[in-house]
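# A structural walkthrough
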Amino acid sequence: RKEVEQDPGPFNVPEGATVAFNCTYSNSASQSFFWYRQDCRKEPKLLMSVYSSGNEDGRFTAQLNRASQYISLLIRDSKLSDSATYLCVVSRGAGGTSYGKLTFGQGTILTVHP
Amino acid sequence: GAVVSQHPSWVICKSGTSVKIECRSLDFQATTMFWYRQFPKQSLMLMATSNEGSKATYEQGVEKDKFLINHASLTLSTLTVTSAHPEDSSFYICSASGQGGGRYYNEQFFGPGTRLTVL
């Protein structure tokens, strides 16, 4: 079983749609959780950290359920520029990624069309 | 945020040659650098973690004699793929974390990656 599993998609949605991505992780010792975005042939970029209380950044909302070992990302009012691969990332380090290696999910491909 | 550069951005080489990839932190001191590899349509896989002045720690299944990592300074780490073969063709990405300007960077900052093609 992979340590971090995501629905690979692809998700094809029209502009303005709401789309949700799910992710599960297997290691209960994981302490830090993130969503990264990766554009084609580019490096991943941090989208947002994920906290147990849930957090929101503009059109993006992330949720963490430690009991179920489940992470989600919700994108509202999708834009064409949101088209990318979204990576669920988990770390055993506390408080930041520098204290522990990052384990990446395989990514979920999102395509937003006009 | 902090900036990490990689050089070269792409390289094509013949089988059996060695290729060196550089990873530099431009505006902070990278006490820890990570090297990842990403095959097409797959996710990033950590190859090794290096702390400045120490030997790198390799992930299971990664040959340390084939992928030589040097992190001799706080701003530079190098990955050398020795005797490269076509199966080593991949996207190699480094990341770095550390401190600069009186601030500790809790996040890993990724370089733009190096696309290696071995013929």
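Residues numbered from 1 in each chain as written. Chains lettered and ligands numbered in written order. Predicted model: local features only at pLDDT ≥ 70, side-chain atom pairs only at ≥ 80, totals over all residues. Heavy atoms only, no water.

### Remarks on the environment of E52 of chain B
Residue and element names in this part refer to chain B. Position of E52 among the secondary structure elements: in the loop between β5 (45-51) and β6 (57-58). For E52, a relative accessible area of 34% puts it in the partly exposed group. A sequence separation of 25 residues divides E52 from S77, and the C-alpha atoms of the two residues are 8.4 Å apart. When sequence neighbours within four positions are dropped, the list of residues in contact with E52 reads A30, T31, H71, A72, S73 and L74. (Helix = DSSP H or I, 4+ residues; strand = E, 2+ residues; numbered from the N terminus. Buried < 20%, exposed > 50% of the residue type's maximum accessible area, 1.4 Å probe, protein only. Contact = heavy atoms within 4.5 Å.)

### Topic: the packing of aromatic side chains
On inspection of all chains with the given rule, the structure shows 11 aromatic pairs over all chains. Arranged with centres 5.3 Å apart and planes meeting at 80°, the rings of F11 of chain A and F21 of chain A form a pair that is edge-to-face. Within this pair, whereas F11 of chain A is found in strand β2 (residues 11-14), its partner F21 of chain A is found in strand β3 (residues 19-25), the two being separated by 10 residues in sequence. Judged by relative accessible area, which is 21%, F11 of chain A ranks as partly exposed. What makes F21 of chain A buried here is its relative accessible area of 0%. For the ring pair F104 of chain A and Y36 of chain B, a centre distance of 5.6 Å and an interplane angle of 85° mean the geometry is edge-to-face. With F104 of chain A in strand β10 (residues 102-104) and Y36 of chain B in strand β4 (residues 29-38), the pair connects residues from two separate chains. On the basis of relative accessible area, F104 of chain A is assigned to the buried category, the value being 6%. Look at Y36 of chain B and you get buried, because its relative accessible area is 0%. Joined through ring pairs, the aromatic side chains of F34, Y36 and F104 of chain A together with Y36 and F110 of chain B make up one cluster. Its end group placed over the ring of F67 of chain B, K66 of chain B keeps NZ or CZ at 5.9 Å from the ring centre. (Phe/Tyr/Trp six-rings, centres within 6.5 Å; stacked < 30°, edge-to-face > 60°. Lys NZ or Arg CZ within 6 Å of the ring centre and 35° of its normal.)

So, to be careful, I would describe these as geometric facts and stop short of saying anything about function.
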